[in-house]
Amino acid sequence: MGVVSVPLILGSLAKAVGMSGIPFIIALFSSLGILAWYHFLRPLFGSKLATLGAQILALHPFVLYWGARPFMPNALFIALTLISLFFLSRVLWPTSSRHERNDATIVFEKPFPLEPKFRRRASSSLFGLCLGLAIAVRPQEGVWISMIPLALLLRASLRRPLAWVFFVPAFALPIGSLLVAQATLYGAPLQTGYHLTPPAASPLHLIQALLFPFGFNATRISSVAYWYLFKIVWPFSVLALIGIVTLLFKKNGIVGERLRKAASITLLLAVWLLFYYGSFEFYDRFDHNLVSIGSSFSRYFLPLYVLSSIFIASALLAIRKYAGRFVTALAVCAITIFSLQLVFWGSDESFARISLVSRENEEMKTKVLLATPPEAIIFTARSDKILYPDRAVV
């Protein structure tokens, strides 16, 4: 683990609820994140799109898969980010009966006049705390996550509702705590357990580690984009593309304008994440096969899968408008079946098959142990995780 935040958080949870309770806590956070996503989308795009968007997010295979892998930081990071957006929405568009319409479709044109001080200050503080915790859990995402408060600061209509005096300390608290913990463990606030930030790294090296940690390989980036943004989850990708294409024909209006802005933000984030992670060459499988639901790439791109739910929901609404409810229901059932099949049976890292793979690894280990003396040294590329500590491995 490169940073100490996740071990500290999970260790504290383990003391409180036990190791067996951690998966349920992370699942709870993931569920709250999906609910928060609905409440964030509702004032922006209306209740229909928000409802579908939250449902699609809950059904996305990578969201389901990593939500059930509680000892990886990505599900918690996504949940904290979405919860922070919920509190931001409470600042910009606080729920109030005088603002609601009778038809249950809410699209607010602009931030409301300032609400009572306590509510605004509390929501601003919780927005900052959750956003800071998200960065502390996953510092690698700090560059683009920091664009959220920066965008609020630069736009006057969004800057005024936020109680900055309360937001800034709450935002800085978890990040500052992480830096103190890093300094205590590694000897310097910006030093981590990763090889990318060696002791006494120069400012230029730190910038390179922050912005270009894995270099640039266009061929590898295109391959990663093809597999993890389209091929593996192709029904979701096709629907997202349909949703984006329909924006070209959507009439100008509040919702249409916001959907186009969301598409632009998604495109910019996709470029950044592909540029940042796409050249990363790693082997987290024994067989060097990177194309799998359990590959690290699938968790690196979770923010894009979250944003894609907006356009998938928009596509389903368009299908309902032009093809009817029955076809829309068939589409939803199809992607649900696809998602569950991929999560449980789609690859050897899917949940229903991973126990079989574990048994096969144990059988291979038993054969090696029987065929070699206890003092043997085994030379292996990736099977050290299977054989150690029963045999010395190189």
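Described in the following lines is the structure provided in the data block. The model shown is predicted, which means the values in this text are computed figures rather than measured ones.

Right, let's talk about the nonpolar core for a bit. Ranked by size, the top nonpolar core spans 90 residues in total, and within it W37, F301 and I310 carry the most contacts. Those residues in contact with F301 that sit more than four places away from it in its chain are V224, Y228, L229, L273 and L274. The next biggest cluster of nonpolar side chains, apart from the first, holds 5 residues, and it includes V4, A136, L178 and A181.

Under the counting rule described, the total for this entry stands at 2 salt bridges. R138 serves as the salt-bridge partner of E141, at 3.2 Å between the closest nitrogen and oxygen. The two residues E141 and R138 agree in class, both being buried. Residue E257 is joined to K261 by a salt bridge in which the shortest nitrogen-to-oxygen separation is 3.4 Å. One end of the pair, E257, and the other, K261, are both in helix α14 (residues 254-277), 4 residues apart, so they sit about a helical turn from each other. Looking at K261, the relative accessible area reads 39%, which means it is partly exposed.

Here the focus is the environment of L82. With respect to the helices and strands, the residue L82 is situated in helix α5 (residues 74-92). With 42 residues separating them in the primary sequence, L82 and F40 have C-alpha atoms 8.2 Å apart. Apart from residues lying up to four places away in sequence, L82 is in contact with G33, A36, W37, L57 and V306.

This part covers the side chain of E141. Topologically, E141 is positioned in the loop between α6 (117-137) and α7 (142-145). Side chain to side chain, E141 and Y277 meet in a polar contact 2.6 Å long. Excluding residues within four positions of it along the chain, E141 makes contact with F77, L273 and Y277.

Right, let's talk about a nonpolar patch on the surface for a bit. A contiguous nonpolar patch, built from Y226, F230, W234, V238, L241, I242 and I244 and spanning about 600 Å² of accessible area, is present on the exposed surface. Among the elements of the structure, α12 (218-231) and α13 (234-246) are those that each provide at least two residues to the nonpolar patch. If you tally residues by element for the nonpolar patch, the top one is α13, at 5 residues. Counting through the fold element by element, I242 comes out in helix α13. We classify I242 as partly exposed; its relative accessible area is 35%.

Here S298 lies in helix α15 (residues 296-300). The class of S298 is buried, set by a relative accessible area of 0%. Only 2.8 Å separates the side chain of S298 from the side chain of W66, close enough to count as a polar contact. Looking at S298, its side chain comes within polar contact range of the main-chain oxygen of I293, at 2.8 Å.

Here we come to the packing of aromatic side chains. Under the definition given, this model contains 23 aromatic pairs. Between F297 and F301, the aromatic rings sit 6.3 Å apart at their centres with planes inclined by 15°, giving stacked as the arrangement. Like F297, the residue F301 is buried in the burial classification. One aromatic cluster is present, built from ring pairs that chain together Y228, W272, Y276, Y277, F280, F297, Y300 and F301. Note that R299 overlies the ring of W66, its terminal NZ or CZ placed 5.8 Å from the centroid.

Relative to the 20 Å expected for 14 residues at 1.5 Å per residue, α12 spans 18 Å between its end C-alpha atoms, a close match to the ideal helical length. Residues of α12 that are buried include every one of R220, I221, V224, A225 and Y228, and no others. Down the axis of α12, the smallest arc covering the buried residues is 135°, so these residues share one side. Buried residues along α12 sit against α4 (61-67), α14, α15 and α16 (302-323). At the N-terminal end of α12, a side-chain oxygen is found 3.2 Å from the backbone nitrogen of T219, two or three residues along, and the residue is N217.

This part covers the packing of α5 against α16. Their axes nearest at 10 Å, the elements α5 and α16 cross at an angle of 45°. The orientation of α5 relative to α16 falls into the category oblique. For α5 against α16, the interelement crossing comes out right-handed. Contacts from N74, F77, I78 and L82 of α5 reach α16 at L302, P303 and V306. Classifying every residue of the contact of α5 with α16 gives 6 nonpolar, 1 polar and no charged.

Reading the values: the criteria
- Residues numbered from 1 in each chain as written.
- Predicted model: local features only at pLDDT ≥ 70, side-chain atom pairs only at ≥ 80, totals over all residues.
- Heavy atoms only, no water.
- Core = buried A, V, L, I, M, F, W, Y, C linked by side-chain atoms within 4.5 Å.
- Buried < 20%, exposed > 50% of the residue type's maximum accessible area, 1.4 Å probe, protein only.
- Contact = heavy atoms within 4.5 Å.
- Salt bridge = Lys/Arg side-chain N within 4 Å of Asp/Glu carboxyl O.
- Helix = DSSP H or I, 4+ residues; strand = E, 2+ residues; numbered from the N terminus.
- Polar contact = N/O pair within 3.5 Å; in protein donor to acceptor, adjacent residues only side chain to side chain.
- Patch = residues over 30% accessible without salt bridge, like charges linked within 9 Å, V, L, I, M, F, W, Y side chains within 5 Å.
- Areas by Shrake-Rupley, 256 points an atom, 1.4 Å probe, with all protein chains shown as cover.
- Phe/Tyr/Trp six-rings, centres within 6.5 Å; stacked < 30°, edge-to-face > 60°.
- Lys NZ or Arg CZ within 6 Å of the ring centre and 35° of its normal.
- Expected span 1.5 Å × (residues − 1).
- Arc of directions from axis to C-beta.
- Axes fitted to C-alpha atoms, helices over the stretch in contact; angles between N-to-C directions.
- Parallel < 35°, antiparallel > 145°, perpendicular 65-115°, else oblique.
- Left-handed = near helix turned anticlockwise from the far one by under 90°.
- Nonpolar A, V, L, I, M, F, W, Y, C, P; charged D, E, K, R; others polar.

Remember, this is a structural readout, not a statement about activity or role.
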